[in-house]
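# Structural description and commentary
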Amino acid sequence: MKRHPALQTLSRDHHQALVVAQRLRKAGDRGTGEAQEAFLEFWRKECQLHFRVEEEVLLPRFAAAGGGNSPAIARVLVDHAEIRLHALRLQEGSASTDVLRELGELLADHVRLEERDLFPAIEEVLSDRQLRRLAADVAGAERQS
Ligand SMILES: [Fe+2]
């Protein structure tokens, strides 16, 4: 299904996240540094802002439109906290292959959760008007970065 324009930039980030997740999941003893660098670059350039937009714009708009009881909200926030913790640790030093692979699984599962559960629920719960407003808010938040 084609994503509503309000969610398309976030979905594009998800595509990139899956590419990074794949590199992390394949991290071996030789390629650990490269996979870690790929994640940290994605973290700095895309993911940090992406999380902020979801936490500050997307989830509140979803909750305001009636999605507040969705279990996806808590799951997304817990995942974000875990991924942030990984990013902090990776910024402080090199990680083991196991940790990088674990992060790869976490990132891929997180994208799946949002694309399969959260985004379809948002498209269902928000009216066309609310989705248009969300699109403007997401674009505004992304510009402010
Ligand atoms: Fe996301």
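Structure report, in brief.

Each value, and the rule that gives it
Residues numbered from 1 in each chain as written. Predicted model: local features only at pLDDT ≥ 70, side-chain atom pairs only at ≥ 80, totals over all residues. Heavy atoms only, no water. 1 Å grid on protein atoms, 1.4 Å probe; cavity = no way out; pocket = protein on both sides within 12 Å on 5 of 7 lines; lining within 4 Å. Points joined across faces, edges and corners; volume = space filled by probe spheres on them. Helix = DSSP H or I, 4+ residues; strand = E, 2+ residues; numbered from the N terminus. Phe/Tyr/Trp six-rings, centres within 6.5 Å; stacked < 30°, edge-to-face > 60°. Axes fitted to C-alpha atoms, helices over the stretch in contact; angles between N-to-C directions. Parallel < 35°, antiparallel > 145°, perpendicular 65-115°, else oblique. Left-handed = near helix turned anticlockwise from the far one by under 90°. Contact = heavy atoms within 4.5 Å. Nonpolar A, V, L, I, M, F, W, Y, C, P; charged D, E, K, R; others polar. Expected span 1.5 Å × (residues − 1). Buried < 20%, exposed > 50% of the residue type's maximum accessible area, 1.4 Å probe, protein only. Salt bridge = Lys/Arg side-chain N within 4 Å of Asp/Glu carboxyl O. Polar contact = N/O pair within 3.5 Å; in protein donor to acceptor, adjacent residues only side chain to side chain.

### Looking at empty space enclosed by the protein
- In this structure the tally under the stated criterion is one cavity of 30 Å³ or more.
- A volume near 40 Å³ is recorded for the largest cavity.
- Forming the walls of the largest cavity are Asp13, His14, Ala17, Phe42, Cys47, His50, Phe51, Leu107, His110, Val111 and Glu114.
- Listed by contribution, the elements that provide at least two residues to the lining of the largest cavity are helix H1 (5–25), helix H2 (32–67) and helix H4 (97–125).

### Some remarks on the packing of aromatic side chains
- Under the defined criterion, the tally for this structure stands at two aromatic pairs.
- On the numbers, 5.7 Å between centres and 80 degrees between planes, the contact of Trp43 with Phe51 is edge-to-face.
- Clustering of aromatic rings is evident, with ring pairs tying together Phe39, Trp43 and Phe51.

### Topic: the packing of helix H3 (residues 71–92) against H4
- Between H3 and H4, the shortest axis-to-axis distance is 10 Å and the interhelical angle comes to 155 degrees. Taken together, H3 and H4 sit at an angle that is classed as roughly antiparallel. Of the two possible hands of crossing, H3 and H4 adopt the one that is left-handed. Contacts between H3 and H4 involve Ala72, Arg75, Val76, Asp79, His80, Glu82, Ile83, His86 and Leu90 from the first element and Val99, Leu100, Glu102, Leu103, Leu106, Leu107, His110, Leu113, Glu114, Asp117 and Leu118 from the second.
- For the contact of H3 with H4, the class distribution of residues is eleven nonpolar, three polar and six charged.

### Remarks on helix H5 (residues 128–143)
- Relative to the 22 Å expected for 16 residues at 1.5 Å per residue, H5 spans 23 Å between its end C-alpha atoms, a close match to the ideal helical length.
- Those residues of H5 that sit buried are Leu131, Leu134, Val138, Gly140 and Ala141.
- For H5, the elements touching its buried residues are H1, H2 and H4.

### Some points on the environment of Asp117
- Residue position: Asp117 is located in helix H4.
- Along the primary structure Asp117 and Ser70 are separated by 47 residues, whereas in three dimensions their C-alpha atoms are 9.6 Å apart.
- The contact partners of Asp117, leaving out residues within four places of it in the chain, are Arg75 and Arg112.

### Some points on the pattern of salt bridges
- Enumeration according to the criterion identifies ten salt bridges in this entry.
- When the shortest N-O distance is used, the salt bridge between Arg75 and Asp117 registers 3.6 Å. Of the two residues, Arg75 is situated in helix H3 and Asp117 in helix H4; the sequence distance between them amounts to 42 residues.
- A relative accessible area of 36% places Asp117 in the partly exposed class.
- Each of Arg3, Glu115 and Glu123 takes part in salt bridges that share partners, so that together they form one network.

### Concerning the side chain of His4
- Mapped onto the fold, His4 is located in the segment before H1.
- A polar side-chain atom of His4 sits 2.9 Å from the main-chain amide nitrogen of Ala6.
- Apart from the residues lying within four places of it in its own chain, the contact partners of His4 are Glu123, Leu131 and Arg132.

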